[in-house]
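Residues per chain, in single letters:
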Amino acid sequence: MSKYLPKQSELVKEFEEKPGVLKGDYAKSEWWETPLEFREGNFCFPAKPEVLEELGFPNPRKWAPTDDDWKLPDGWQKTVMDGMKERLKKYRSLKLYLDSCMRCGACADKCHYFLGTGDPKNMPVLRAELVRSVYRNDFPLVEKILKGFSGSRKLTPEVLKEWHMYFYQCTECRRCSVFCPLGIDTAEITIMVREILQLVGLNNNWTLAPVANCNRTGNHLGIEPHTFVQNIESLVDDIEDLTGVTVNPTFNRKGAEILFITPSGDVFGDPGVYTMMGYLLLFHHIGLDYTISTYASEGGNFGLFTSNDMMKKLNAKMYHEARRLGVKWILGGECGHMWRVVHQYMNTMNGPADFLEEPVSPVTGTKFTNAKATKMVHIAEFTADLIHNQKLRLDPRRNDHLRTTFHDSCNVARGMGMFEEPRYVLNKVCNSFHEMAENTIREQTFCCGSGSGINAEEYMEMRMKGGFPRADAVRRVKEKHKVDSLVTICAIDRATLPPLMRYWTPGVSVYGLHELVGNALVMEGEKKRTEDLREEPMAGFEDGDDDEE
Amino acid sequence: MSTTLEKAIRERREEIVSLWRGKVFDRLSDKISPGTPIGDAFVEGMAMILDGFASGDGSLRREGVTTVARILAVHPFRPSHALSMFVDLKTVLLETVPGGEEGAECVRRIDETTLEAFDSFMEHRETIYRLKVEESQKRMHMQLRGKRS
Ligand code: SF4
Ligand code: SF4
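Since the structure is predicted, the reported quantities are computational estimates derived from the model, not experimental observations.

Time to look at the overall build of chain B. Assigned secondary structure in chain B consists of 6 helices and 0 strands. By residue count, 51% of the 149 residues in chain B fall in the buried class. Counting only carbon and sulfur atoms, one obtains 53% of the accessible surface of chain B, whose full area is about 6,800 Å². One finds the centroid of the 23 positive side-chain charges in chain B at a distance of 10 Å from the centroid of its 24 negative side-chain charges.

What follows is about the overall build of chain A. In terms of helices and strands, chain A carries 23 helices and 7 strands. Split into buried and exposed, the 549 residues of chain A put 62% on the buried side. Of the contacts made within chain A by residues no fewer than 6 positions apart, 75% connect residues no fewer than 24 positions apart.

Further remarks concern the site of ligand 2. The immediate surroundings of ligand 2 are formed by C101(A), M102(A), R103(A), C104(A), G105(A), A106(A), C107(A), V125(A), C180(A), P181(A) and I184(A). Looking at the shell around ligand 2 residue by residue, the class counts come to 9 nonpolar, 1 polar and 1 charged.

Interfaces are often described in size by the accessible area the parts lose on coming together. With 45 residues of chain A at the contact, the number on the chain B side is 39 residues. Buried surface at the junction of chain A and chain B, summed over both partners, amounts to about 3,900 Å²; 51% is from carbon and sulfur atoms. On the chain A side of the interface with chain B, the three residues burying the most area are E457(A), R502(A) and Y503(A), jointly 17% of the side's total. The salt bridge partner of E40(A) is K132(B), with a shortest N-O separation of 3.9 Å. Between chain A and chain B we count 8 residue pairs in polar contact (both at pLDDT 80 or more) in total. Of all the secondary-structure elements, those providing two or more residues to the side of chain A that touches chain B are α1 (8–17), α5 (112–117), α12 (225–243), α20 (460–466), α21 (468–481) and α22 (491–504) of chain A. Sorting elements by how many residues they give to the side of chain A that touches chain B places α12(A) first, with 6 residues. Taken together, the residues of the side of chain A that touches chain B sort by class into 17 nonpolar, 9 polar and 19 charged.

Attention shifts here to helix α4 (residues 92–100) of chain A. All names here are of chain A. Buried residues of α4: L94, Y97 and L98, and no others. Looking down the long axis of α4, one finds its buried residues gathered within 95° of arc, a one-sided arrangement. Away from the buried face of α4 by more than 90 degrees, exposed residues R92 and L96 are located.

Residue and element names in this part refer to chain A. Around ligand 1 sit C111, H112, P124, R127, C170, T171, C173, R174, R175, C176, T186 and A187, and that is every residue in its neighbourhood. Put simply, the parts of the chain that give the shell around ligand 1 at least two residues each are α6 (124–138), α9 (175–179) and α10 (186–198). Tallied by class, the residues present in the shell around ligand 1 amount to 6 nonpolar, 3 polar and 3 charged.

A word on the domain arrangement of chain A. All names here are of chain A. The assigned domain composition of chain A is domain 1 (19–203), domain 2 (221–388) and domain 3 (396–520). Each of domain 1 and domain 2 was reduced to a C-alpha centroid, and the two centroids are 35 Å apart. With both chains or domains summed, domain 1 and domain 2 bury close to 900 Å², and 43% of this area falls on carbon and sulfur atoms. Linking domain 1 with domain 2 are 0 salt bridges. The interface formed by domain 1 and domain 2 holds 3 residue pairs in polar contact (both at pLDDT 80 or more) in total. Examining the composition of the side of domain 1 that touches domain 2, we find that 7 residues originate from one element, α10, more than from any other. Its residues assigned to classes, the side of domain 1 that touches domain 2 comprises 6 nonpolar, 1 polar and 5 charged.

Parameters at a glance
Residues numbered from 1 in each chain as written. Chains lettered and ligands numbered in written order. Predicted model: local features only at pLDDT ≥ 70, side-chain atom pairs only at ≥ 80, totals over all residues. Heavy atoms only, no water. Helix = DSSP H or I, 4+ residues; strand = E, 2+ residues; numbered from the N terminus. Buried < 20%, exposed > 50% of the residue type's maximum accessible area, 1.4 Å probe, protein only. Areas by Shrake-Rupley, 256 points an atom, 1.4 Å probe, with all protein chains shown as cover. Lys, Arg positive; Asp, Glu negative; His and termini not counted. Charge placed at Lys NZ, Arg CZ, Asp CG, Glu CD. Contact = heavy atoms within 4.5 Å. Near = heavy atom within 4 Å. Nonpolar A, V, L, I, M, F, W, Y, C, P; charged D, E, K, R; others polar. Buried area = accessible area lost by both parts, 1.4 Å probe. Salt bridge = Lys/Arg side-chain N within 4 Å of Asp/Glu carboxyl O. Polar contact = N/O pair within 3.5 Å; in protein donor to acceptor, adjacent residues only side chain to side chain. Arc of directions from axis to C-beta. Domains from an automatic or database assignment.

This is the structure in structure tokens:
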């Protein structure tokens, strides 16, 4: 039994003494009638009207969740119910998940948002119940079958408000599905409910502004090709200053063997840029024949957090660019949700990419058979293979100033089952690595608390609460092993974990895996290295010391 | 704090923690649930405060204060509501430790801790605002970075 489950005596005490859902204030009410309060820090700003107009999305207007009137469009109930009907028909998984839950409660205490907020509606089983209760009421046959279970309710503006609140407190991390005996994936329910909410103009700007930018220029920030190139060239200059080596990335080069696509956070975000510097050093080290597209300039895909159609549209650029440039296959950088989209959906959604070849490492000859369908290889796997075949000259002592632990990103861990490759690489490029507690890593990993497009500044309080279980696990490994560096392979994590650490676990910095690879690579023709890619001194490599190989 | 008082707290530590914990969770449990990681960390912080009291270890007490204030500050509590946990501690301690001069000293130390907790609570609220501002500044900085070349 989970150690987090409350003891029976505590439950009895809570039931007897605390006013709550099951008695007292709400004795004559249903559980869903507990009051809902939008206040500063617990909602993301809605999408700006111009963003919706640009995307052709419904109901552009100025509004805020704190308003009484959310200015829903005429006939919104029908729009929502038709939207639900359509999706129940189209996506068998949604129907299965809504129908088959047996309320066993195994998922109840597995969600980081429940653990961090203590709000029962953040238990996955109740989160799904928010929509199931309406589904049950409005679909008579289902009601008939499910009679005997708990009640049903009408679709009202209050219900929509509740959906908006709680389906944006689910980060689509899928942790609950690992513990569900039936494999019910509440993340899929959230994806569908958010899609339905979009139909009546209930959304969030932090997700939709990047979607609009991506739709226009190919990347989340709306950066145009010349600025994208300039940014990478500024990283090339930084590499030269630090290592004395000039790396030569190419852009939109037809006939390159490999197209490299990474999240734009690696090009524009701090600390993501240091990971990008790591890639550039690695590719130079092995003489890779690769190019970067200024249009497929974003691996991330916030369409996943918006609607299936938008996800498909935004992802199409990967194969389009691969075809246009005539490459053999695609190499993908460190990202979480990008890999969920690529691994789980891309082949059937945008493929088949039969104009590409089954990926083969040009350096080791390894065939990446697992990428046979998508033709896209994960950088951690690519690098692990290089190291395994002894193709890299590495000096892990160059990371001796860091004591590391590893955060499994939800989408890479639970979305594609990649656990060992990043650990293998990390252990080869640094000398100090310690795992966090077992029930917080690999498939049981805790979310950063800000995934799925809710990484907005205004949502900071909620993010801190949702991220608490992850931060607490880092605190414990820090206390035990003096860990000061949290390594991850996700661009969103690189943006969200630094504030989370600063708040809960000060003294821990966040790194990308390939930043540490970049630190450890011994480059041909390099000058004496004394600093890492962040220009921090490397322990034992200070000026004057000469203890390198 | 006098040794008699410290000894009394040490001897009845479990009872005091349990009484204090009960009162605090009665008030906060709609936001911080016992038995969850955040509830466990909160109880750890409370125990540190009490052990700091009992051993006269000011740094342990302050660490406990920081731990609970950091948790309280992310929840939508008013400062008065959040810090009422120290009023609870006062009630529990005065019921369980000797009165007289010892009691007066105890009250003085709890008041001092409450003020420390208020500072820490507000500092953490400010940290949250600072994180918000820094996040947007950082984004702006990185967008401008490419323009330098
Ligand atoms: S998918 Fe993650 S965030 Fe959503 S309900 Fe499940 S555990 Fe919670
Ligand atoms: S674990 Fe699965 S079946 Fe059990 S309550 Fe949760 S979703 Fe339903």
